[in-house]
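Residue strings, one per chain:
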Amino acid sequence: MRLDEVNVVKKYDTPDMFDVHTWDEPVPFADNPPPAFPTDALTYWIKDFVEGEALATQTPADLSSVLALVVIGASIAKKYRIEVRAGWTEQPNLFGVVALPPGSRKTAVFRDVCAPMSAYEKIATEQMKSVILRQKIKKGLATKLVEEAEKICMVKGGSEDSVRTHMQLAEAAEGIVVPASPRFVIDDATPEKLVNILFRQGGKIALLSPEGGVFERIAGKASSGTDAIEVYLKAHAGDDIRLDRISRGEEFIEAPAMSIGLAVQPDIIRALGTKTGFRGRGLIARFLFSMPFSNIGNRNTNTEPIGERVAALYTECLLDLLACEVKDGPITLKLTAEASARFQKFESWVEPRLGPGGELTDLADWGSKLPGTAARLAAIIHAAEMVGTSKRVEAEPVSVDTIRRALKIAAYFVGHAKIAFNEIVFGKVHDDAKCILKWLGSVRKTRVTKRDTFRAMSDILAKAEMLDEPIRELKERGYLRELAFKVGKKTEVAFDVNPKIWENTNGAKSVVDVQTTEIGTGEQGVAGAGEAF
């Protein structure tokens, strides 16, 4: 029995459900190119380096650009803060993550972008060796004096003089601090180890890795009952961390400033939505996402390395920022009146778009932090602008041009956040829906059963129930209409297929032709954010 001959229980009131003219145009899965990183918004020495790095390694400029912003933010963290207005300041550390498939040369880019910071760590470690050794010796001697005083105190039965001497020596020994060997970069650490590193490094560290293992570590601790997420939340915001350790005593970290730069596979981004507490507690909202298209398969195999002068200038400028010492910091950077007015206009643009029906309503948690992110970007650009000049970073107010450039980069992150959150929330559903759509286009049937659809998709869907969400998505987009029909005493489910999937009355490409782009790219677009910014 053919489907068009069965006893239809539910159908739609249309003259001819198979007539192309009775169907509306379906809403496509908009796989538009993601926004390109606006390297022209970067300071010249950063711009030249990231563009040269992208060309030399044949990688998207997004990777080196996002990582460079994280590294520079880490270099000035705990030294400067930016004041948006009275009572609102932001520190410049960033959490950034770039999604690229395996084989994208992420490790090479990480090595080159982070090289000056790693080199400075070696220099600082060498300089501190004698200081650390001296303090260790003093601490050891002072400890032995305390032990001897304790013995004397016991022999004298705790006389007043012996107790006083013991206390004085103990206090002196306690006051001798052995500094930790300087560390600026780590590539992995458990949350407990991270707290200890922050404690020993004065509340500042950069976690930079071409892998995404940090997410698994956070998720593992969160599921075991350890509040690992809180450590990252506070280290991003600059909220004090206070932990009591049985073995190490209390660890108090005032205004921590951790920076994170990661390059992960796209599947890692999609899996973030499954991690307990990641979105509900605001961890995902603190990350700046970059989701560039991979250029694997289109790379030039005969490229020159990055220019020596470009690489040397990047290294020199970054070392200057790292070596900059601020006493009694962090120093607060102020905005000019014009810059402040421009920033307020930007805030006014963001706020209504966070509400119901707004452009950012589906990622309101992330969007709520967008003004703060823009301020952090402005602080980074401002500091970078001052390098190599006779001006001190804090001596000059943040200009309106710096704010405009920061907002241009913020617009880029808005576009990519939409892609990332689409993957986090809908990624698997949309991929399955696209596979179904491609199959419908190949079989060219005007009506299919749910059973036939599952058979066709059984290689990617383990159970028939897994069809429900992608089918619902296709119905909402106008690709399918559901109907039920009787086969004996059983009710079967079938779907009428929008004929516009494979034919177009204007002679344009079919919907299926347009939609067979790479799976996993997600819906994209900035919806005018660049112009509004």
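What this report covers is the structure whose coordinates are included nearby. (Residues numbered from 1 in each chain as written. Predicted model: local features only at pLDDT ≥ 70, side-chain atom pairs only at ≥ 80, totals over all residues. Heavy atoms only, no water.)

With respect to the overall build of the chain
Selection rule: Here a helix means four or more residues in a row that DSSP labels H or I, a strand means two or more in a row labelled E, and each is numbered from the N terminus. Only protein chains enter the accessibility calculation, which uses a 1.4 Å probe. A residue is then buried if its area is under 20% of the maximum for its type, exposed if over 50%, and partly exposed in between. Here, residues are in contact when the closest pair of their heavy atoms is within 4.5 Å.
Along the backbone of the chain there are 17 helices and 14 strands. Out of the 533 residues in the chain, the part that is buried amounts to 48%. The contacts of the chain with a sequence gap of at least 6 include a subset with a gap of at least 24, amounting to 78%.

Section: the sheet that holds strand β5 (residues 185–186)
Basically, it comes down to this: The pairing criterion is simple: DSSP has to find at least two bridges between the two strands. Helix axes are fitted to C-alpha atoms over the stretch in contact, other axes to C-alpha atoms as well, and angles between N-to-C directions run from 0 to 180 degrees.
The strand order β5-β6-β9-β4-β10 describes an open sheet built from 5 strands, whose pairing is parallel. Strand pairing shows two members of the sheet lacking a second neighbour, β5 and β10 (287–290), which therefore form its edges. Bridge count for β5 against strand β6 (residues 204–209) is 2 bridges, and the pairing is parallel. Note that in β6 the partner of I186 across the bridge is L207. Strand contacts of helix α2 (residues 61–76): β4 (95–99), β6, β9 (257–264) and β10, with the helix running at about 165 degrees to β9, the strand carrying the most contacts.

Focus: the pairing of strand β2 (residues 80–85)
Relative to strand β11 (residues 331–333), β2 runs parallel, the two sharing 3 bridges. The residue bridging Y80 from the neighbouring strand is I331, located in β11. Here 3 bridges tie β2 to strand β3 (residues 88–90), and the two strands are oriented antiparallel to one another. In the strand pairing of β3, R85 is matched with W88. In this antiparallel pair of consecutive strands, β2 and β3, the connection spans 2 residues, and G87 shows a positive phi of 90 degrees.

What to know about unusual backbone geometry
Here the phi dihedral of R105 falls at roughly 65 degrees; this positive angle occurs in a residue that is not glycine. Within the secondary structure, R105 sits in the loop between β4 and α3 (106–155). A relative accessible area of 38% means that R105 is categorised as partly exposed.

Some points on the sheet that holds β3
Taken in spatial order, the 3 strands make up an open sheet running β3-β2-β11, and their pairing is mixed. Of all the strands in the sheet, just β3 and β11 have a single pairing partner and so form its edges. On average, adjacent strands in this sheet sit at an angle of 40 degrees to one another, irrespective of strand direction. This element, helix α12 (residues 370–386), spans β2, β3 and β11 of the sheet and lies at about 60 degrees to β3.

Let's talk about the environment of L480
Note on placement: L480 falls in strand β13 (residues 480–487). On the basis of relative accessibility, which here comes to 4%, the residue L480 falls in the buried class. L480 sits 43 residues away from L437 along the chain, and the two C-alpha atoms are 9.7 Å apart.

Thoughts on the packing of helix α1 (residues 44–57) against helix α9 (residues 308–323)
Quick note on the threshold: The scheme is simple: roughly parallel for angles under 35 degrees, roughly antiparallel for over 145, roughly perpendicular for 65 to 115, oblique for anything else. Two helices crossing with the near one rotated counterclockwise from the far one by less than a right angle form a left-handed crossing, whereas a clockwise rotation gives a right-handed crossing. Gly is put with the polar residues, along with every residue not named as nonpolar or charged; the nonpolar set is Ala, Val, Leu, Ile, Met, Phe, Trp, Tyr, Cys and Pro, and the charged set is Asp, Glu, Lys and Arg.
Packing of α1 against α9 leaves a shortest axis separation of 9 Å and a crossing angle of 130 degrees. The orientation of α1 with respect to α9, classified from their angle, is oblique. Crossing angle aside, the handedness with which α1 passes α9 is left-handed. Facing Y44, W45, D48 and F49 of α1, the residues of α9 in contact are V310, A311, L313, Y314, C317, L318 and L321. A class-by-class count of the residues in the contact of α1 with α9 yields 10 nonpolar, no polar and 1 charged.

Let's talk about the packing of helix α13 (residues 400–443) against helix α14 (residues 450–457)
In a pair of packed helices, the angle between the axes and the distance between the axes together describe the arrangement. Following both chains from N to C, one finds α13 and α14 inclined at 105 degrees, their axes separated by 10 Å at the closest point. Viewed along their axes, α13 and α14 adopt a mutual orientation that is roughly perpendicular. Contacts between α13 and α14 pair C435, I436 and W439 from the former with D452, T453, A456 and M457 from the latter. For the contact of α13 with α14, a count of residues per class yields 5 nonpolar, 1 polar and 1 charged.

Quick notes on the pattern of salt bridges
So the rule is basically this: By salt bridge we mean one thing: a side-chain nitrogen of Lys or Arg within 4 Å of a carboxyl oxygen of Asp or Glu.
The tally for this structure, following the rule as stated, stands at 27 salt bridges. Where R85 meets E347, a salt bridge forms, and the shortest distance between an N and an O atom there is 2.8 Å. One end of the pair, R85, is in strand β2; the other, E347, is in helix α10 (residues 337–350), with 262 residues separating them in the sequence. Judged by relative accessible area, R85 falls into the partly exposed class, the value being 43%. Each of the salt bridges in this network shares a partner with another, and the network as a whole consists of E160, D161 and R164.

Observations regarding the packing of aromatic side chains
Defined as follows: Two aromatic rings from Phe, Tyr or Trp, using only the six-membered ring of Trp, form a pair when their centres are within 6.5 Å; if the ring planes differ by under 30 degrees the pair is stacked, by over 60 it is edge-to-face, and anything between is tilted.
Within this structure, the stated rule accounts for 13 aromatic pairs. When the centroid spacing of 4.8 Å and the interplanar angle of 65 degrees are considered together, the rings of F37 and Y412 count as edge-to-face. Taken together, the positions of F37 in the loop between β1 (7–10) and α1 and Y412 in helix α13 put the pair 375 residues apart, joining distant regions of the chain. Residue classification places F37 among the buried residues on the basis of a relative accessible area of 6%. Centre to centre, the rings of F95 and F287 are 5.2 Å apart; their planes meet at 50 degrees, and the pair counts as tilted. Of this pair, F95 sits in strand β4 while F287 sits in strand β10, and the two are 192 residues apart along the sequence.

Considerations on the side chain of S290
Relative to the elements of secondary structure, S290 occurs in strand β10. Those residues in contact with S290 that lie beyond four places of it in its chain are D62, V66, V97, V98, A99, Y412 and H416.

A closer look at a nonpolar patch on the surface
Selection criterion: Residues forming no salt bridge and having over 30% relative accessible area are the ones grouped into patches, like charges within 9 Å of each other and nonpolar side chains (Val, Leu, Ile, Met, Phe, Trp, Tyr) within 5 Å. Each accessible area is a Shrake-Rupley result for a 1.4 Å probe, and residues are judged covered by the shown protein chains and nothing else.
A contiguous nonpolar surface patch, about 300 Å² in accessible area, is contributed by L133, I137 and L141. Considering the arrangement of structural elements, one finds L141 in helix α3. You can call L141 exposed: its relative accessible area is 51%.

With respect to α13
The condition is simple: A residue's bend is the angle separating two fitted axes: one through the seven residues that end there, the other through the seven that start there.
Along its length, α13 shows its largest kink, about 80 degrees, at F426. Two residues or fewer after α13 comes R444, characterised by a positive phi angle close to 55 degrees.

What about the nonpolar core?
Generally speaking, a soluble globular protein has its nonpolar side chains buried in company with each other. Stated precisely, the cut-off is as follows: For the purposes of this section, nonpolar cores are sets of buried Ala, Val, Leu, Ile, Met, Phe, Trp, Tyr and Cys residues that join through side-chain atoms within 4.5 Å.
Among the nonpolar cores identified, the biggest contains 118 residues, and L208, Y232, I269, F289 and W366 are the most heavily contacted of them. If one sorts the elements of this core by residue count, α13 sits on top with 14 residues. The contact partners of I269, leaving out residues within four places of it in the chain, are V97, A99, V264, F289, M291, A420 and I424. Listed in part, the 18 residues of the second largest apolar core include L437, W439, Y479 and L480.

A closer look at the side chain of S209
Here S209 lies in strand β6. Residue S209 is classed as buried on the basis of its relative accessible area, which comes to 8%.

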